[in-house]
Amino acid sequence: MKKTPTFQFIKSNQKNERSGQTMIFIIMILVCLTIVVMLNFDVHKIIRTKTVTQNAGDAAALMAARWQGITLNLEGELNIMHALAMVNDDNDTIDAISNIQARLSYVGPMIAFMAAQQAAKNNGIYVNDDFTARIHEHADKVRYVYPTEPDNNGNPLFPEPWPNAWSEYADMLDTVADNGIAAAPDNQHLYADYTSGHPLLDIGFYEAVAGRNWCWFVHNYPNYNVARTDPPTTLLEGYKSYPPTWWPPLPFIPNRQYINSETFGLGINKLTTTFDSFATSYNAAGSSDSHINTSSSISNQVSTWYGYSSAAWSKWDSMDVHGSQNFPVVGTVRPQYNYTGADAVIRIIADITRITPGAGDSEVPQQITWTAAAKPFGMLNEADRPNAFQIILPAFKDVRLIPISASSTPSGGAFNIPWRIHIENHLTKYLAEGPNGLNPDCWYCSQLSAAKGKWEDPLFRQTGANWLAIPENKNLCYTQSGPGGPGGGTRVAH
Ligand SMILES: [Zn+2]
């Protein structure tokens, strides 16, 4: 049978079409494969970086906590030497020991800080220039601002624990920073920090505004303006837009005695009392191998000892399953571990660059942040916590990782640099000038602005108030808060 030319024409055209389709199909497969290969590369890179970051963070936190334990043990040994010197009436030695103890409570944590850097670097983390610059900046502040800052009465706001202490402390900070900071101390408690008590100092406030989390206001500031002239209501309903400034002024920085380092501080205190007050309880506990000489010749003499600050060393409530935070653990903390106190929290940031095409540039730099917390543990004897008798004695033998939420890290983390810049540099101007004083480049400032859907916009707050005015909505704040309880979720890491 002879094929008609028309038919042949049609057939050959179909053939071309098919091979064209095959080409498109092959190209599609190639594109898909390329993306899969790139994605695979990225995933591996991310996982690797994440593992490296976690290992380095954990190692740095454990190392810092180990040095905290070593320092506490040294303070304890010095207390024992102090007791022995008292037996011999050797006042010069007692003075020398006290001087060493005062310096040790700064030098020890600084060694912890330095050792943490080494641990992070040994685990493959590079120096972070922002961290390094921040520590150098702070060293300058310690050196030049701390010695001269007056309090309201013209007395020094930051009295030195020993002559020239701030200069020596600044030198130590500079030495650590000169080698480069890879692991930032995330539970720094800087002397110039506001202690608490103001919504603008609460990082949760900014997050609530950004995420329109109206329940946050019910849980955290239900009657915030009760002390003011308006009837009691939530901060959301009570707030009045600028001008004038509605916010109360920021709290004062308290004037106190400085004994502990800002970084990895040990939470210790000077106790001026008789040795008897410790020894009585120590002997009552039935310790047979006590190496403290409780000779009556020293028992009634008043002297200054290094002990545990009761504010820092208390019950570990944040780990309490029945406590206010409803910590999600099974069982209760064993009594011999049930104490807060010295701990070390580390923040590590590693940069990774993706090669998979994203929404913007082909090379998208991203950051992986890892925080880890660790704590020295120990026992005085089989059953007693290290802080059972107030006075520091050598007791720390172990170090463990602990949950971040059970650590002493402040809200938002001490080394969240944009947050620190906001509270240190922007808030005063905002309180004085209202939204005009805000910094346009700051995320926290932008939450406070008068732009549509932000805090100073009355309509934004009205939206929230209207939502909360409906009882079913308000009930959601309580029924959907989950295991975290009233805070709307516990901050639990790993
Ligand atoms: Zn700001």
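Residues numbered from 1 in each chain as written. Predicted model: local features only at pLDDT ≥ 70, side-chain atom pairs only at ≥ 80, totals over all residues. Heavy atoms only, no water.

Engineer: For this particular structure, what's the right way to read the overall build of the protein chain?
Structural biologist: In terms of regular secondary structure, the protein chain is built from 13 helices and 6 strands. Burial statistics for the protein chain: of 494 residues in total, 44% are counted as buried. Accessible area of the protein chain: about 25,500 Å², with a carbon and sulfur share of 56%. (Helix = DSSP H or I, 4+ residues; strand = E, 2+ residues; numbered from the N terminus. Buried < 20%, exposed > 50% of the residue type's maximum accessible area, 1.4 Å probe, protein only. Areas by Shrake-Rupley, 256 points an atom, 1.4 Å probe, with all protein chains shown as cover.)

Engineer: Whenever I open this one, the side chain of S105 confuses me. Can you help?
Structural biologist: Following the sequence through the fold, S105 ends up in helix α2 (residues 91–122). Classification of S105 as buried rests on a relative accessible area of 0%. Non-local contacts of S105, meaning those with residues more than four positions away in its chain, are made with E75, I259, S261, L266 and I268. (Contact = heavy atoms within 4.5 Å.)

Engineer: How do you make sense of the coordination of the zinc ion when you look at a structure like this?
Structural biologist: Octahedral metal centres with six donors ideally show angles of 90 or 180 degrees, and tetrahedral centres with four donors ideally show 109.5 degrees. The protein atoms donating to the zinc ion are H422 (ND1), H426 (ND1), C442 (SG) and C445 (SG), with metal-donor distances spanning 2.1 to 2.3 Å. Around the zinc ion sit 4 donor atoms, and with donor-metal-donor angles ranging over 103 to 120° the site reads as tetrahedral. Here the donor residues of the zinc ion are spaced in sequence according to H-x3-H-x15-C-x2-C. On the criterion of sequence distance, the pair formed by H426 in helix α10 (residues 417–433) and C442 in the loop between α10 and α11 (443–448) is long-range, its members being 16 residues apart. Summarising the burial analysis for this pair, H426 and C442 share the class buried. (Donors = N, O, S within 2.8 Å, 3.2 Å for Na, K, Ca; no water. Tetrahedral: all angles 85-135°; square planar, octahedral: opposite > 155°, others 65-115°.)

Engineer: Got a minute to help me understand the confidence of the model for the protein chain in this structure?
Structural biologist: It should be kept in mind that the predicted coordinates are not to be read in detail where pLDDT is low. Mean pLDDT over the protein chain: 83, with 82% of residues reaching 70 or higher. Low confidence marks residues 1–5, where pLDDT is under 50. Its contacts with residues over four positions away, or in another chain, come to 1 contact. (pLDDT = per-residue confidence, 0-100.)

Engineer: Would you take a moment to explain the pattern of salt bridges for this structure?
Structural biologist: Here the structure, examined in full by the defined rule, presents 9 salt bridges. D186 serves as the salt-bridge partner of R347, at 3.2 Å between the closest nitrogen and oxygen. One end of the pair, R347, is in strand β4 (residues 344–354); the other, D186, is in the loop between β1 (184–185) and α5 (203–210), with 161 residues separating them in the sequence. Residue classification places R347 among the buried residues on the basis of a relative accessible area of 12%. The class of D186 is buried, set by a relative accessible area of 0%. A cluster of three or more residues bridged by salt bridges with shared partners is formed by R134, E137, D193, R420 and E424. (Salt bridge = Lys/Arg side-chain N within 4 Å of Asp/Glu carboxyl O.)

Engineer: Please clarify how the nonpolar core should be interpreted in this entry.
Structural biologist: Soluble globular proteins: nonpolar side chains tend toward being buried together. Counting 67 residues, the largest nonpolar core has L72 and W166 as the members making the most contacts within it. With sequence-adjacent residues up to four places away left out, L72 is seen in contact with L266, I268, Y308, W313, A342, I392 and F396. By size, the runner-up hydrophobic cluster in this structure holds 34 residues, among which are W214, F217, C442 and L468. (Core = buried A, V, L, I, M, F, W, Y, C linked by side-chain atoms within 4.5 Å.)

Engineer: Sorry, what's going on with the environment of V333 here?
Structural biologist: Here V333 is to be found in the loop between β3 (302–308) and β4. Linking V333 and W316, residues 17 residues apart in sequence, is a C-alpha distance of 8.3 Å. Not counting the four nearest positions on each side in its chain, V333 is found in contact with W316, M319 and N338.

Engineer: Mind showing me how you'd approach the state of the cysteines here?
Structural biologist: Chemically, a disulfide is nothing more than a covalent bond linking the sulfur atoms of two cysteines. One pass over the full model with this rule turns up 1 disulfide. Here C215 pairs with C477 through a disulfide, and the sulfurs are 2.0 Å apart. An S-S torsion of about -80° defines the bridge between C215 and C477 as left-handed. In this pair, C215 is assigned in helix α6 (residues 214–220) and C477 in helix α13 (residues 471–479), connecting sequence segments 262 residues apart. Note on C215: relative accessible area 15%, which makes it buried. (Disulfide = S-S within 2.5 Å.)

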